[in-house]
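# Tertiary structure, described
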Amino acid sequence: MVDLKQKPFYLSDEDIRWVEETIASMTDEEKIGQLFIMLDRKKDFDETKEIFDRFHIGGCRYSNEPAEKIYEQNRFYQEHSKIPVLIACNCDNGGDGACGGGTYVATAAACGATDDDSTAYSVGYVSGREAAAVGCNWDFGPVCDLLYNWRNTIVNTRAYGKDPELVIKNAKAYVRGVRESGLAVCCKHFPGDGIEELDQHLVMGVNTMECDEWDSTFGHVYKEMIDSGIQSIMAGHIALPEYSRKLRPGIKDEDIMPATLAPELITDLLRGKLGFNGLVLTDASHMAGMTAAMPRSQQVPGAIAAGCDMFLFFNDIEEDFCYMMDGYRNGIITEERLTDALRRILGLKASLKLHEKKKKGTLIPEKEGLSVVGCAEHLAMAAEAAKKSITLVKDTQHNLPVTPKTHKRAYAFVISSPPISRKNQHDPVKQLVKEEMERFGYETTMHESYYDLVLDDGITKETELRSVIIGKVEEFKKKYDVVFVFINMKGYAQANNVRLEWSIGHSTEIPWYVKELPTIFISLNYTNHLLDVPMAKTFINAYAPTREVIRQTIEKAAGEAAFEGTCNDNVFCGRWDTRL
């Protein structure tokens with residue numbers, strides 16, 4: 001049972017009275033509604049009002065739009081909810097997770113590459129300030145996963161690293177930053193991602209660790225975060241088979257469930273062994289890691305019965321609400337379990353003083369506060385983060401420094417994900433690269449990939465030939481002094497493992513040029529691309545495709561500033577040739 005006077009709620013008698021009186025006054029429908037967190041994609045206020053009136057939802061998350069629109073949306077949420085709602089955002093990298101135009105600071109991987117935790121603090125600080133300004137009160141961060149498997153691209157840039165102490169240090173710093181603005185925070189994704197390479201959007205994840213090993217790694221991280229007062233934890237669609245077998249002797253393999261549906265992992269391990277008293281929510285319920293585990297009618301109430309307190313996202317609102325209500329009426333969710341969940345949900349709201357703010361009319365801050373979004377202070381933190389994190393992985397042939405004074409004529413590739421991933425538009429990063437290369441003084445020729453040519457001219461024999469015929473090597477060497485290859489690959493909920501992909505078979509992008517001219521490879525996202533370009537002799541992990549990062553990377557490659565970031569051996573992908 002929850003103790004609202006203890007960590008992480010610390011409620012007063014008056015606060016607890018509000019929680020208990022509110023629960024006592026609620027209809028069954030209102031109680032069930034509090035268990036849901038809605039994802040608002042349509043932004044139709046008439047429809048949203050009807051949802052609040054009919055389904056009494058406890059929380060909201062949304063897709064990003066400019067700050068002013070998000071502010072008005074969040075104000076509408078609070079004005080039309082009987083009980084204040086938890087409004088969440090995903091600020092993994094900074095305020096860009098709260099609204100369009102928010103400040104990107106750094107990924108967790110970039111934070112982990114620095115020599116202290118100040119960058120992680122800055123990410124949290126900016127996230128909290130910009131999220132609070134638009135009316136959010138809950139941040140779904142920090143990520144507490146451990147990147148043991150270099151093939152894993154799901155949390156590759158979202159994890160601080162593979163050392164539990166490094167993750168703890170940075171996660172706590174991030175939390176300190178967020179909490180300065182009064183938002184609740186959320187560790188994710190229990191029981192821990194980073195062991196395998198599968199994406200829970202597509203398949204159930206499996207953490208294969210033995211119990212003792214898990215205790216000293218992921219368990220150690222979560223215990224430290226719990227003891228420090230973390231308010232909520234997101235359960236991932238990730239199984240932990242060895243603990244399920246230990247806690248449920250004789251359990252059949254087919255009955256081993258992801259944590260979101262496994263009472264032995266939520267109730268026994270997380271609440272019991274680790275002592276977590278706060279709120280547990282599921283990861284997004286449209287992910288196949290959950291949807292493929294059992295019928296939807298069982299998943300919805302099953303997550304609450306397993307010990308989760310809130311259910312993240314509807315499929316069909318009316319249908320999921322009925323599934324949850326049926327689960328309560330049929331005894332899948334007991335009265336005790338429902339009341340316990342409600343106490344945690346309302347307890348979190350009371351710990352944020354949402355009930356008091358509603359009385360005062362201050363649930364949403366003054367609109368003038370939007371001036372912090374993208375402000376100079378936050379941009380300076382982003383610049384400092386880039387300065388401290390950009391990492392020279394290797395320069396074994398001493399190609400660096402490279403400057404316009406010594407290598408004036410540059411040929412630049414931008415290796416991008418397929419255009420369909422950005423609504424069939426050209427990769428905007430290509431223009432950023434061109435502008436920053438030329439600003440720095442390079443005479444820059446940008447490579448036109450097959451994707452670029454097809455977007456401009458359509459699929460023709462000419463576009464194919466231009467994309468696969470290299471031409472005279474000696475002429476290329478006479479025209480250019482240096483080659484830059486910027487890798488901007490990224491995937492989401494489409495492939496279990498994202499690898500570098502050339503735009504066409506036998507593409508002219510493939511590194512035939514590495515033995516002809518000095519070639520500088522720069523990853524703007526994932527940290528494991530050396531697997532696919534082991535012939536690279538100069539490789540930089542820059543962690544982000546932003547103008548600030550691109551600018552500083554070019555400057556560092558020229559020797560105008562030192563590379564301050566560090567890396568572990570994950571970047572070499574378990575191969576000998578990537579180190580050459």
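Structure first, text after, so check above.
Bear in mind the structure is a predicted one, so any value in this text is a computation, not a measurement.

Moving on: the overall build of the protein chain. Per the secondary structure count, the protein chain includes 22 helices and 16 strands. The C-alpha atoms of the protein chain give a radius of gyration of 25 Å, which matches the 25 Å a tight globule of 580 residues would have. Taken along its principal axes, the extent of the C-alpha atoms in the protein chain is 80 × 60 × 50 Å. Counting across all 580 residues of the protein chain, residues that qualify as buried make up 60%. The contacts of the protein chain with a sequence gap of at least 6 include a subset with a gap of at least 24, amounting to 77%. On the protein chain, roughly 22700 Å² of surface is accessible, and the fraction owed to carbon and sulfur atoms is 50%. The protein chain carries 67 positive and 86 negative side-chain charges, and their two centres are separated by 3 Å.

Turning next to helix α9 (residues 218-227). One full turn of an α-helix is made of 3.6 residues, so residues set three or four places apart face in the same direction. All buried positions along α9 are accounted for by Phe218, Gly219, Val221, Tyr222, Met225 and Ile226. Buried positions in α9, seen along its axis, are confined to an arc of 160° and lie on one side of it. Packing partners of the buried residues in α9 comprise α7 (164-179), β5 (186-190), α8 (211-216), β7 (232-235) and α11 (263-273). Looking one or two residues past α9, Gly229 carries a phi angle of roughly 105°, positive in sign.

Take the sheet that holds strand β4 (residues 138-139) next. The strand order β4-β3-β2-β1-β10 describes an open sheet built from 5 strands, whose pairing is parallel. Pairing within the sheet leaves two strands with one partner each, and these edge strands are β4 and β10 (311-312). Note: strand β1 (residues 36-40) against strand β2 (residues 59-62), 4 bridges, orientation parallel. Bridging from a neighbouring strand, Leu39 pairs with Arg61 of β2.

Attention shifts here to unusual backbone geometry. In the segment running from Lys7 into Pro8, the intervening peptide bond is cis, with an omega of 5°. Residue position: Pro8 is located in the segment before α1 (13-25). The omega torsion across Lys188 and His189 is 10°, close enough to zero to call that bond cis. The residue His189 is located in strand β5 in this model. With phi around 55°, His398 is a residue other than glycine that occupies positive phi space. The residue His398 is located in the loop between β11 (391-395) and β12 (409-416) in this model. The backbone phi angle of Lys423 is positive, close to 60°, even though this residue is not glycine. Turning to its location among the elements, Lys423 is positioned in the loop between β12 and α18 (428-440).

Next up on the list: the side chain of Asp340. Mapped onto the secondary structure, Asp340 falls in helix α15 (residues 335-351). Excluding residues that lie within four positions of it along the chain, Asp340 makes contacts with Met1 and Val2.

Right, let's get into the packing of aromatic side chains. Given two aromatic rings, one states the distance between the centres and the angle between the planes to describe the pair. The tally for this structure, following the rule as stated, stands at 22 aromatic pairs. Between Tyr442 and Phe484, the ring centres sit 5.5 Å apart and the planes meet at 70°, which makes this aromatic pair edge-to-face. Within this pair, whereas Tyr442 is found in the loop between α18 and β13 (443-446), its partner Phe484 is found in strand β14 (residues 482-488), the two being separated by 42 residues in sequence. Here the aromatic rings of Phe476 and Tyr480 are separated by 5.0 Å at their centres, their planes lie at 55°, and the arrangement is tilted. In terms of burial, Phe476 and Tyr480 fall into one category: buried. By the ring-pair criterion, three or more aromatic residues cluster together here, those being Tyr411, Phe413, Phe476, Tyr480, Trp512 and Tyr513.

All told, the structure shown has 43 salt bridges when counted by the stated rule. Between Glu68 and Lys367 there is a salt bridge, with the nearest N and O atoms lying 3.1 Å from each other. Of the two residues, Glu68 sits in helix α4 (residues 67-79) while Lys367 sits in the loop between α16 (354-360) and α17 (376-389), which places them 299 residues apart along the sequence. Judged by its relative accessible area of 48%, Glu68 is partly exposed.

A two-sided burial pattern is seen for strand β3 (residues 86-89), the buried positions comprising Leu86 and Ala88 on one face and Ile87 and Cys89 on the other. Sheet topology places β2 next to β3; 2 bridges connect them, and they run parallel. Following the sheet pairing, Gly59 is matched in β3 by Leu86. Where β3 and β4 come together, 2 bridges link them in parallel fashion. If you follow Ala88 over to β4, its bridge partner there is Trp138.

Quick look at the pairing of β14 now. Burial analysis of β14 places 7 of its 7 residues in the buried class, the great majority of the element. The two faces of β14 match: Val482, Phe484, Phe486 and Asn488 on one face and Val483, Val485 and Ile487 on the other face are all buried. In this structure, β12 lies alongside β14, joined through 7 bridges in parallel fashion. Looking at the pairing, Ser416 lines up with Asn488 of β14. As paired elements, β14 and strand β15 (residues 519-523) share 5 bridges and run parallel to each other. In the strand pairing of β15, Val483 is matched with Thr519.

Moving on, we get to the side chain of Asn149. Looking at where Asn149 falls in the secondary structure, it is placed in the loop between β4 and α7. Once residues lying within four places of it in the same chain are set aside, the contact partners of Asn149 are Gly194, Ile195, Glu196 and Glu197.

Okay, the sheet that holds strand β9 (residues 279-282) next. A sheet is described by the order of its strands in space; here 3 strands give the open sequence β5-β7-β9, paired in parallel fashion. Only two strands of the sheet have a single partner each, and these edge strands are β5 and β9. In this sheet, adjacent strand axes meet at a mean angle of 25° when their direction is disregarded. Pairing geometry for β5 and β7, over 4 bridges, is parallel.

Reading guide: rules and limits
Residues numbered from 1 in each chain as written. Predicted model: local features only at pLDDT ≥ 70, side-chain atom pairs only at ≥ 80, totals over all residues. Heavy atoms only, no water. Helix = DSSP H or I, 4+ residues; strand = E, 2+ residues; numbered from the N terminus. Rg over C-alpha atoms; globule rule 2.2 N^0.38 Å. Buried < 20%, exposed > 50% of the residue type's maximum accessible area, 1.4 Å probe, protein only. Contact = heavy atoms within 4.5 Å. Areas by Shrake-Rupley, 256 points an atom, 1.4 Å probe, with all protein chains shown as cover. Lys, Arg positive; Asp, Glu negative; His and termini not counted. Charge placed at Lys NZ, Arg CZ, Asp CG, Glu CD. Arc of directions from axis to C-beta. Pairing = 2+ DSSP bridges. Phe/Tyr/Trp six-rings, centres within 6.5 Å; stacked < 30°, edge-to-face > 60°. Salt bridge = Lys/Arg side-chain N within 4 Å of Asp/Glu carboxyl O. Axes fitted to C-alpha atoms, helices over the stretch in contact; angles between N-to-C directions.

That's the geometry; what it means functionally is another story.
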